[in-house]
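For reference, the chains in residue letters:
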Amino acid sequence: MSCEIYDMPLFRGCDRTVVDDMLGGSFCRLGSYSKGDFIAMQDSACRSLFVLCEGSVYARMTNDEGREFTLDTLSAPDVLASAFIFSTDGTFPVTIIANSDCKIWVVDKECIRSILEHDTAVLNNFLTILSDHSVFLSNRLHQFALQTLASRLIGYLEQNGSIHNLQETAFILGVARPSLSRSVSQ
């Protein structure tokens, strides 16, 4: 396999024979995306797990009025759609866009289900990834529901060191650029 899938957090410590058998007998492909490409659209069906092997992507939400919010930027190695693939709704709540050139293993839902049933190491890795993503989303919700823009900005600076692009940072913080500019100047 191009892009060694066994080095990915999801498959670390797995039984390679089980994973090879499952991936070989099921729909799975390696996709290449260029910066700016749409990988998955908000509200589209989520039928596969995306394993980010190279590059980075960002997850963006858009409401009916066209207001956008960048939820997160993810870098390889990581798993995309882990929390959505087995959901009752079965759709992506975000649009996933390539932030750089990237490679993604797209693995069919039934293939992932079968691997999880047959390999406890992959099951434990998957549960850890789901839990980590849930903790991230909980913290993100806390930021937006309970913190002021000034405190979110301080948190962003503590995590990233500086602001390189006001528009991009405004997207990440979920505010208009002029509001962010005022807060930065204060």
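Everything discussed here concerns the structure shown above.
Residues numbered from 1 in each chain as written. Predicted model: local features only at pLDDT ≥ 70, side-chain atom pairs only at ≥ 80, totals over all residues. Heavy atoms only, no water.

**Some points on the side chain of serine 48**
Logical step 1: Note on placement: serine 48 falls in strand β3 (residues 48-54).
Logical step 2: A relative accessible area of 11% places serine 48 in the buried class.
Logical step 3: Excluding residues within four positions of it along the chain, serine 48 makes contact with Ala81, Ile85, Val106, Val107, Asp108 and Lys109. (Helix = DSSP H or I, 4+ residues; strand = E, 2+ residues; numbered from the N terminus. Buried < 20%, exposed > 50% of the residue type's maximum accessible area, 1.4 Å probe, protein only. Contact = heavy atoms within 4.5 Å.)

**Focus on the layout of surface pockets**
Where empty space is left can be seen by rolling a probe of water-molecule size over the atoms.
Logical step 1: Approximately 640 Å³ is the volume attributed to the largest pocket.
Logical step 2: Lining the largest pocket are 25 residues; nearest its centre among them are Asp72, Thr73, Tyr156, Asn160 and Ile172.
Logical step 3: For the lining of the largest pocket, the secondary structure elements donating two or more residues are β4 (56-62), β5 (68-75), α3 (120-146), α4 (149-160) and α5 (166-173).
Logical step 4: For the lining of the largest pocket, the leading source of residues is α5, giving six residues.
Logical step 5: Counted by class, the lining of the largest pocket contains seven nonpolar, 13 polar and five charged residues.
Logical step 6: When its volume is computed, the second largest pocket comes out at roughly 270 Å³.
Logical step 7: Going through the elements one at a time, β4, β5, β6 (78-80) and α3 are the ones with two or more residues in the lining of the second largest pocket.
Logical step 8: Here the element with the most residues in the lining of the second largest pocket is β4; it accounts for four residues. (1 Å grid on protein atoms, 1.4 Å probe; cavity = no way out; pocket = protein on both sides within 12 Å on 5 of 7 lines; lining within 4 Å. Points joined across faces, edges and corners; volume = space filled by probe spheres on them. Nonpolar A, V, L, I, M, F, W, Y, C, P; charged D, E, K, R; others polar.)

**Looking at the environment of leucine 74**
Logical step 1: Position of leucine 74 among the secondary structure elements: in strand β5.
Logical step 2: Ignoring sequence-local partners within four residues, the contact set of leucine 74 consists of Leu52, Gly55, Ser56, Val57 and Leu80.

**Digging into the environment of threonine 128**
Logical step 1: Within the element layout of this structure, threonine 128 appears in helix α3.
Logical step 2: Sequence separation of threonine 128 and aspartate 101 is 27 residues, and the distance between their C-alpha atoms is 27 Å.

**Looking at the side chain of threonine 70**
Logical step 1: Mapped onto the secondary structure, threonine 70 falls in strand β5.
Logical step 2: Beyond its immediate sequence surroundings of up to four residues, threonine 70 is in contact with Tyr58, Ala59, Arg60, Arg140, Phe171 and Ile172.

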